Amino acid sequence: MIYFLAAVAAIAGFLFGYDEGIIAVARPLLDKDFPMDPLVGGFMTAAVPLGALIAASIAGRITDRFGRRRALMAAAALFTLGSLMAASITAVWMLILARLILGLAIGLAAVTAPLYISETAPLRIRGALVSTYQLAITVGILVSYLTGLAIDAEADIPWNDDGMWRLMFALGALPGLLFFVGLVFLPESPRWLILKGFAAEARTSLQRLRGAASAVGGEFDEIVSTARAEVGKKSGYKALLEPKIRPAVIVGAGLFFLQQLSGINAVIYYAPEIFNRAGFDNTSTQILATVGIGTVNLLTTVLAMYLIDKVGRRPLLILGFVGTSATMLTIAVAVVNPALVPSWVIIVALMLYIASFAISIGPLPHVLMSEIFPLRARGPGMSMASISNWGFNFVVVFTFPLMLAGPGLAFTFTLFSVICLGGIIFTLTRVPETTGHSLEAIEDHLNSGKPFASLRREVHVRTAAEIRRK
């Protein structure tokens, strides 16, 4: 059941990745029917992260009030609606509205899907299962790129130029419907049920997830015990202002700030343009190289899923920030001195950048934000982290074309490189190692008032009771 749950919840990630990548490959065909100047085109592209930012600001309240499962069902309905609207537009403003709706779906799902998976997953594979959300994003991006490659290969077919982009947008409705249907068969999060006082339903949910009544006794008791200890304390957004919880807010929002300012969405949204600036002016070569980026992104994310619960969160974060900083600087140097650095170096550097991101900075903020907040503030806490995610996503996507036209590619990528260096310092001084700790044990450490980053990896399961005894 838990693997089925993770797979269904991760469809939200696929839809995000598909909607993120498809606009890049559909844009040349779309421009023939609806030409857009850079300002309108930039806002149309940025409508998705803008919608996600709006949804992220209310996602915590929605998930806490209505439950994780029903919040995801609402996101699935919005995904389907937005995809169908984008496929049937008759004006640019309609496309902007459709992508805004898709952004609302993505923002709601980006908070709820990792939260839902984390609260239902067994500790030993929690990191890997939460990472299925990021894996699904990479699959969605790759599928969108492959769609563009297929269209380019069939460019001479007459119907290819006549509304083919409508089909590309409409295809997003199919996984949206599959997402909704799959959620019908899933249980609600047992931790949310405990939070709302439905102990009997929570036990039943946990038994369905673990497959046997005998397998839930200790875990269920720990969830109940931790929830009882939180009775009478502030909950929701008010709890995020407490000094003891503030370190978790800093880590959650800080990691997503660093993720977005590492330059990933500039690469994903504008990969063909980057290759063009690097001297690859052939459209087929640009699309093929972009597909290569999507493939590396997918394969390295699979590797990350294997390593997250074995190597640990902090070592992977440091590795990722080192790799992204070095590769971004390499690209900047190559653009400044094209005569000294072969163009193929840019492709290699971009591939290594994607690998460094996908093994670390891509999945880990989603994993950590689902682990570090206490139950009474988990929904709002993840919502705040997601606001950071989508707010800076919007800033990067909207300003990147302006940065290319102004300071240029070299300056922009140098800036990204410096920010990634800052990520190393942030990880060493702020980020806890949650590997080997139950959600309740992490919460207990946070409430202890000790430096959050002093939480270190345990090679065995660490319960809240063990934390208190120590």
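Summarised in this report is the structure supplied together with it. The model shown is predicted, which means the values in this text are computed figures rather than measured ones.

**Remarks on the packing of helix α1 (residues 2-33) against helix α4 (residues 92-120)**
The contact between α1 and α4 brings their axes to 9 Å, and the two run at 155°. Here α4 runs roughly antiparallel to α1, going by the angle between their axes. As for how α1 packs across α4, the hand of that crossing is left-handed. Residues Ile2, Leu5, Ala6, Ala9, Ala12, Phe16, Asp19, Ile23 and Leu30 of α1 pack against Leu95, Arg99, Leu102, Ile106, Ala109, Ala113, Tyr116, Ile117 and Thr120 of α4.

**Thoughts on the pattern of salt bridges**
Two side chains bearing opposite charge may form a pair once their charged atoms approach each other closely. For the structure shown, the criterion picks out eight salt bridges. The salt bridge partner of Arg191 is Glu440, with a shortest N-O separation of 2.9 Å. Of this pair, Arg191 sits in helix α8 (residues 190-195) while Glu440 sits in helix α19 (residues 439-447); the two residues are 249 residues apart in sequence, bridging distant segments of the chain. With relative accessibility at 5%, the residue Arg191 sits in the buried group. Glu440 gets classed as buried once you look at its relative accessible area, which sits at 5%. In this structure, Arg313 and Glu371 form a salt bridge, with 2.5 Å as the shortest nitrogen-oxygen distance. You can see Arg313 sitting in helix α14 (residues 313-336) and its partner Glu371 sitting in the loop between α16 (364-369) and α17 (378-405), a full 58 residues away along the chain. Across the pair, Glu371 and Arg313 agree in class, each one buried. When salt bridges that share partners are traced, they join Asp64, Arg68, Glu119 and Arg378 into one network.

**As for the packing of helix α2 (residues 38-66) against α4**
The contact between α2 and α4 brings their axes to 6 Å, and the two run at 40°. Our pair here, α2 against α4, has a crossing hand that is right-handed. Taken together, the residues that form the contact of α2 with α4 break down as 21 nonpolar, six polar and one charged.

**A word on the side chain of Ser356**
Along the chain, the position of Ser356 falls in helix α15 (residues 343-361). Not counting chain neighbours up to four residues away, the residues in contact with Ser356 comprise Gly320, Gly323, Thr324 and Ile361.

**Things to note about α17**
Each α-helix winds once per 3.6 residues, and so residues spaced three or four apart point in a common direction. Given a rise of 1.5 Å per residue, 28 residues ought to cover 40 Å, and the 41 Å separating the end C-alpha atoms of α17 matches this to within 8%. Along α17, the sharpest change in direction is near 40° and occurs at Thr399; proline Pro401 comes one to four residues later.

**Let's talk about the nonpolar core**
Leu30, Leu72, Phe79, Trp165, Phe169, Phe179 and Phe413 are the most contacted members of the largest nonpolar core, which has 129 residues in total. Among the elements that line this core, the one with the most residues is α1, at 16 residues. Contacts of Phe179, omitting those with residues within four sequence positions, involve Val8, Ala9, Ile11, Ala12, Leu15, Leu72, Ala76 and Phe79. In this structure, Trp192, Ile194, Ala202 and Ile223 belong to the second largest nonpolar core, which totals 11 residues.

**Topic: the environment of Lys238**
Turning to its location among the elements, Lys238 is positioned in the loop between α10 (217-229) and α11 (246-260). Under the relative-accessibility criterion, Lys238 is labelled exposed at 61%. For Lys238 and Pro380, which are 142 residues apart along the polypeptide, the C-alpha to C-alpha distance reads 9.1 Å.

**Side note on the packing of aromatic side chains**
Within a pair of aromatic rings, the relevant descriptors are the distance that separates the centres and the angle that separates the planes. Evaluated as defined, the whole model comprises seven aromatic pairs. Between Phe16 and Trp390, the ring centres sit 5.1 Å apart and the planes meet at 70°, which makes this aromatic pair edge-to-face. Linking Phe16 in helix α1 with Trp390 in helix α17, this pair joins segments that are 374 residues apart in sequence. Overall, Trp390 belongs to the buried group, its relative accessible area being 1%.

Criteria and thresholds
- In this numbering scheme, every chain counts its residues from 1 along its sequence in written order.
- Note on the predicted model: pLDDT of at least 70 is required for a residue's local features to be given, and 80 or more for side-chain atom pairs to be given and counted; whole-chain, interface and lining totals, by contrast, use all residues.
- Hydrogens and water molecules were not included; the side-chain quantities draw on all heavy atoms of the structure.
- What counts as an axis is a line fitted to C-alpha atoms, over the stretch in contact for a helix, and the angles between N-to-C directions run from 0 to 180 degrees.
- What counts as a helix is a DSSP run of H or I of at least four residues, what counts as a strand is a run of E of at least two, and both are numbered from the N terminus.
- By the definition adopted for this analysis, an angle is roughly parallel if under 35 degrees, roughly antiparallel if over 145, roughly perpendicular if from 65 to 115, and oblique otherwise.
- A clockwise turn of the near helix away from the far one marks a right-handed crossing, whereas an anticlockwise turn of less than a right angle marks a left-handed crossing.
- Residue contacts are counted whenever heavy atoms from the two residues lie within 4.5 Å of one another.
- Salt bridge, as used here: a side-chain nitrogen of Lys or Arg that lies within 4 Å of a carboxyl oxygen of Asp or Glu.
- Throughout this description, buried means an accessible area under 20% of the type-specific maximum (1.4 Å probe, protein chains only), exposed means over 50%, and partly exposed covers the range between.
- Gly is placed with the polar residues, together with every amino acid not listed as nonpolar (Ala, Val, Leu, Ile, Met, Phe, Trp, Tyr, Cys and Pro) or charged (Asp, Glu, Lys and Arg).
- One fewer than the residue count of a helix, multiplied by 1.5 Å, yields its expected span.
- Bend at a residue means the angle formed by two fitted axes: the first through the 7 residues ending at that position, the second through the 7 residues beginning there.
- The definition of a nonpolar core used throughout is a set of buried Ala, Val, Leu, Ile, Met, Phe, Trp, Tyr and Cys residues joined through side-chain atoms within 4.5 Å.
- When the centres of two rings from Phe, Tyr and Trp lie within 6.5 Å, Trp using its six-membered ring, the rings pair. Their planes under 30 degrees apart give stacked, over 60 give edge-to-face, and anything left gives tilted.

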